[in-house]
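A structural walkthrough
Listed below are the residues making up each chain.
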Amino acid sequence: MPTETVYGLAADADNDAAVAQIFAAKGRPADHPLIVHLADATAVGHYAGAVPDFARALMAAFWPGPLTLILPRRPGVADAAAGGNPTVGLRCPAHPVAQALLQACAARGVWGLAAPSANQFGRVSPTTAAHVQGEFGDDLLILDGGPCSVGIESSIIDCTRGQPVLLRPGAITPEQMQAACGLKVLRNNELPALSDQGPKASGTLESHYAPQARVRLMDAAALRAALPSAPASVAVWARDGVPLPERSARYRRMPASAEIAAQQLFAILRELDALGVADIWVHTPPDTPDWLGVRDRLQRAAF
Ligand code: TXA
Ligand code: MG
């Protein structure tokens, strides 16, 4: 299914046998929980127990949209999707095709669709139907909703610790979430007690979103110095300020806008990877809140 962030591989979240096929197709460890997608917030009560006020405020502000909330799970629902965790991740996507699918499911008594990104475990997330086909072949029904408008996965907020904790940065910034719910959004590593307990998100593994080629983050000065003698096995994605040597498929411009760079990020990594290069040199994104999600994905791709 298409969503505004990335394509997802979907199954009825309450059907453990169907959900098991998602884990098998992705090669994903069974204890890595999946996000459950809902048509709207009325389905939250089917999956989640206590929902704190700040989580309600975040839903009101950002749903439908690229925000996933981790909430206490009601016992006995979505066991396989939650990977046995006592919590469940819920998100209401904004993409019109996802919305139509989820509403059609709801009309047939299906409360939600468990859907991880439609890629093999640890690889780059798909942002077009063609990417999904490249991951799984023709043996799959793909709803083609066009290229994803956001391009990186949803922001994930853990709502089970009394205060919002950011597990995975996305297009919605912590600042925007703070403004909407009135509470500071903590980083996963900000409280010492949090770093080794609580939910683990595979999107938070240090190495993830990795293409075949080695990804290396470089600042403008390092790129300018290294480019004149760059071997043919190197591809480059750099913003203005770094003169690119020649017009070639190996040299691509990173947009100045974080929003547009996010849209292009995974497609660019796939395209450069498909050239068979050994290394991809990527201009380090600016250290500003709008680039948090893109910077995070690139750091994991480069790890
Ligand atoms: O934008 C997105 O979130 C996309 C689209 C398809 O909706 N989905 C996505 O799913 O990125 P996936 O499975 O690739 O990443 C979901 C992340 C994983 O890192 C998983 O560990 C985490 O969410 N997650 C899901 N349920 C969780 C839970 N109960 N507790 C902690 N982390 C959870
Ligand atoms: Mg994923």
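These numbers come from a predicted model, not from an experiment.

1. Notes on the UniProt feature "binding site: ATP" (unreviewed entry) in the protein
As annotated in UniProt, the feature "binding site: ATP" (unreviewed entry) corresponds to Arg28, Thr87, Ser117, Ser125, Arg168 and Tyr209 in the numbering used here. Ser117 sits in the buried class, given a relative accessible area of 18%. Not counting residues within four places of it along the chain, the set of residues in contact with Ser117 comprises Val6, Tyr7, Gly8, Leu9, Lys26, Ser125 and Pro126. Mapped onto the fold, Arg168 is located in strand β7 (residues 165–168).

2. Focus on the sheet that holds strand β12 (residues 279–283)
The four strands are arranged β9-β12-β10-β11 in an open sheet whose pairing can be described as parallel. Edge positions in the sheet fall to β9 (214–218) and β11 (251–253), since each of these pairs with one other strand and no more. Going from strand to strand, the sheet's axes swing by 20° on average, the running direction of each strand aside. Note: strand β10 (residues 234–238) against β12, four bridges, orientation parallel. Of the residues in β12, the one forming a bridge with Val234 is Asp279. Where helix α9 (residues 258–274) meets the sheet, its contacts fall on β10, β11 and β12, and the angle it forms with β10 comes to roughly 170°.

3. Quick look at the packing of aromatic side chains
Within this structure, the stated rule accounts for zero aromatic pairs. When the ring centre of Trp291 is taken as reference, the NZ or CZ atom of Arg239 above it lies at 5.5 Å.

4. Describing α9
Compared with the 24 Å implied by 1.5 Å per residue over 17 residues, the 24 Å span of α9 between its first and last C-alpha is a close match. Of all the bends found along α9, the most pronounced is centred on Leu265 and spans about 45°. Every buried residue of α9 is accounted for by Ala258, Ala261, Ala262, Leu265, Phe266, Ala267, Ile268, Leu269, Arg270, Leu272 and Asp273. The elements touched by buried residues of α9 are α5 (129–136), β10, β11, β12 and α10 (292–302). Backbone nitrogen of Glu259 and a side-chain oxygen of the N-cap are separated by 3.2 Å at the start of α9; the cap is Ser257. Directly after α9, the chain includes Gly276, whose backbone phi takes a positive value near 80°.

5. Side note on the layout of surface pockets
What the second largest pocket holds in volume is close to 390 Å³. Taken together, 19 residues make up the lining of the second largest pocket; nearest its centre are Met1, Leu9, Ala10, Leu140 and Leu141. Of all the secondary structure elements, the ones that give two or more residues to the lining of the second largest pocket are β1 (11–12) and α1 (16–26). Among the elements that take part in the lining of the second largest pocket, α1 stands out by supplying four residues, more than any other. Along the lines of polarity and charge, the residues of the lining of the second largest pocket split into 16 nonpolar, two polar and one charged.

6. With respect to the side chain of Arg250
Mapped onto the elements, Arg250 comes out in the loop between β10 and β11. A distance of 3.5 Å separates the side chain of Arg250 from the backbone oxygen of Pro231, its partner in a polar contact. Side-chain polar atoms of Arg250 contact the backbone oxygen of Val234, separated by 2.5 Å. Residue contacts for Arg250: discarding those within four places in its chain leaves Pro231, Ala232, Val234, Ala235, Val236, Leu272, Leu275 and Val277.

Definitions and limits used
- Residues numbered from 1 in each chain as written.
- Chains lettered and ligands numbered in written order.
- Predicted model: local features only at pLDDT ≥ 70, side-chain atom pairs only at ≥ 80, totals over all residues.
- Heavy atoms only, no water.
- UniProt positions renumbered as here; feature names shortened; annotations may be inferred.
- Buried < 20%, exposed > 50% of the residue type's maximum accessible area, 1.4 Å probe, protein only.
- Contact = heavy atoms within 4.5 Å.
- Helix = DSSP H or I, 4+ residues; strand = E, 2+ residues; numbered from the N terminus.
- Pairing = 2+ DSSP bridges.
- Axes fitted to C-alpha atoms, helices over the stretch in contact; angles between N-to-C directions.
- Phe/Tyr/Trp six-rings, centres within 6.5 Å; stacked < 30°, edge-to-face > 60°.
- Lys NZ or Arg CZ within 6 Å of the ring centre and 35° of its normal.
- Expected span 1.5 Å × (residues − 1).
- Bend = angle between axes of the 7 residues up to and from the residue.
- Polar contact = N/O pair within 3.5 Å; in protein donor to acceptor, adjacent residues only side chain to side chain.
- 1 Å grid on protein atoms, 1.4 Å probe; cavity = no way out; pocket = protein on both sides within 12 Å on 5 of 7 lines; lining within 4 Å.
- Points joined across faces, edges and corners; volume = space filled by probe spheres on them.
- Nonpolar A, V, L, I, M, F, W, Y, C, P; charged D, E, K, R; others polar.

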